[in-house]
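Next come the chains, spelled out residue by residue.
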Amino acid sequence: MKKPSTTAPKILDTALELADVCGWERLHLFDVAAQLGVGLEAIAAHYRDKDQLVEAWFDRADQALLSRAKAADLIPLEPAKRLEELLIAWLDCLAAHRAVTGQMLLYKLEPGHIHLQVLGLLRVSRTVQWWREAAQRQSIHLHRIAEESLLSGAYLRTVLHWLRHPEEDAAECRAFLRRQLRCAPLLMLLRP
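Residues numbered from 1 in each chain as written. Predicted model: local features only at pLDDT ≥ 70, side-chain atom pairs only at ≥ 80, totals over all residues. Heavy atoms only, no water.

With an unreviewed UniProt entry as reference, the protein chain is termed TetR family transcriptional regulator, source organism Pseudomonas lalucatii.

Below you can see the structure in the form of structure tokens.
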């Protein structure tokens, strides 16, 4: 009898579905394997550890942001509006598992997980870089450094707000993001 084959996306989706019930902390890779009817080696073939599932989840959101960047309606928009549309696409991708997404971030911030904290900082940097690229930001040198710093702050504040206010409707979250992108220093940098 042939063993069931499993893919990386199927493993991730199964892990997210299980975590919706038990929470990220209580999720074990052997539970994911059992749910899929495979051995742990099938999970290990795609993910070295549980944190790689977290990275894959945020990679999926990054891909949603990059897919949104292909839309013809995006380029003519003002830079702040372009950034807004892209980050909303990123958040929308994560929305189905919002509570688990927050639990994943808390898992990365645990005091004993210094290696995960460093990777978390790199993740923020990577996502902000893709966000800027997708928005076709062309700033260089000190202008780029200032823009990246301010956008990183806007990104983190918006993600935290989104996680802390799950009852909020999409328009309110969008308005919060818009306020973050319209702060005076950032607005000056985002001029077309």
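Chemist: In this structure, what is going on with the environment of alanine 154? I would like to understand it.
Modeler: Tracing the chain through its elements places alanine 154 in helix α8 (residues 141-164). Judged by its relative accessible area of 0%, alanine 154 is buried. Each C-alpha atom, one on alanine 154 and one on arginine 179, is 9.0 Å from the other, the two residues being 25 residues apart in sequence. Residues contacting alanine 154, with those up to four places away along its chain left out, are Gln180, Leu181 and Leu186. (Helix = DSSP H or I, 4+ residues; strand = E, 2+ residues; numbered from the N terminus. Buried < 20%, exposed > 50% of the residue type's maximum accessible area, 1.4 Å probe, protein only. Contact = heavy atoms within 4.5 Å.)

Chemist: Before we go on, may I ask you to explain the packing of helix α4 (residues 50-69) against helix α7 (residues 114-134) in this structure?
Modeler: Helix-helix packing is characterised by the crossing angle of the two axes and by the distance between the axes. Viewed as axis vectors pointing N to C, α4 and α7 meet at an angle of 10°, and their least axial separation amounts to 10 Å. On the basis of their axis angle, the class for α4 and α7 is roughly parallel. When α4 is examined against α7, the residues Asp51, Glu55, Phe58, Asp59, Asp62, Leu65, Leu66 and Ala69 are found in contact with a partner set consisting of Leu116, Leu119, Arg123, Arg126, Thr127, Trp130, Trp131 and Ala134. Residues belonging to the contact of α4 with α7 are distributed by class as follows: nine nonpolar, one polar and six charged. (Axes fitted to C-alpha atoms, helices over the stretch in contact; angles between N-to-C directions. Parallel < 35°, antiparallel > 145°, perpendicular 65-115°, else oblique. Nonpolar A, V, L, I, M, F, W, Y, C, P; charged D, E, K, R; others polar.)

Chemist: Before we go on, may I ask you to explain helix α1 (residues 8-22) in this structure?
Modeler: Since there are 3.6 residues in each turn of an α-helix, residues three or four apart along the chain are aligned in direction. Here α1 contains 15 residues, and its C-alpha end-to-end distance of 21 Å stays within 8% of the 21 Å for a straight helix at 1.5 Å per residue. Along α1, the residues that are buried comprise Ile11, Leu12, Thr14, Ala15, Leu16 and Ala19. Residues of α1 that are buried in the fold lie against α2 (29-36), α3 (40-44), α4 and α6 (98-109). Positive backbone phi, at 95°, marks glycine 23, one or two positions downstream of α1. (Expected span 1.5 Å × (residues − 1).)

Chemist: How should I be thinking about the side chain of histidine 97 in this particular structure?
Modeler: Checked against the element boundaries, histidine 97 lands in the loop between α5 (79-94) and α6. Within the local environment of histidine 97, its side chain forms a polar contact with the side chain of aspartate 20, the two groups lying 2.6 Å apart. Not counting residues up to four positions away in its chain, the partners in contact with histidine 97 are Leu16, Glu17, Asp20 and Trp57. (Polar contact = N/O pair within 3.5 Å; in protein donor to acceptor, adjacent residues only side chain to side chain.)

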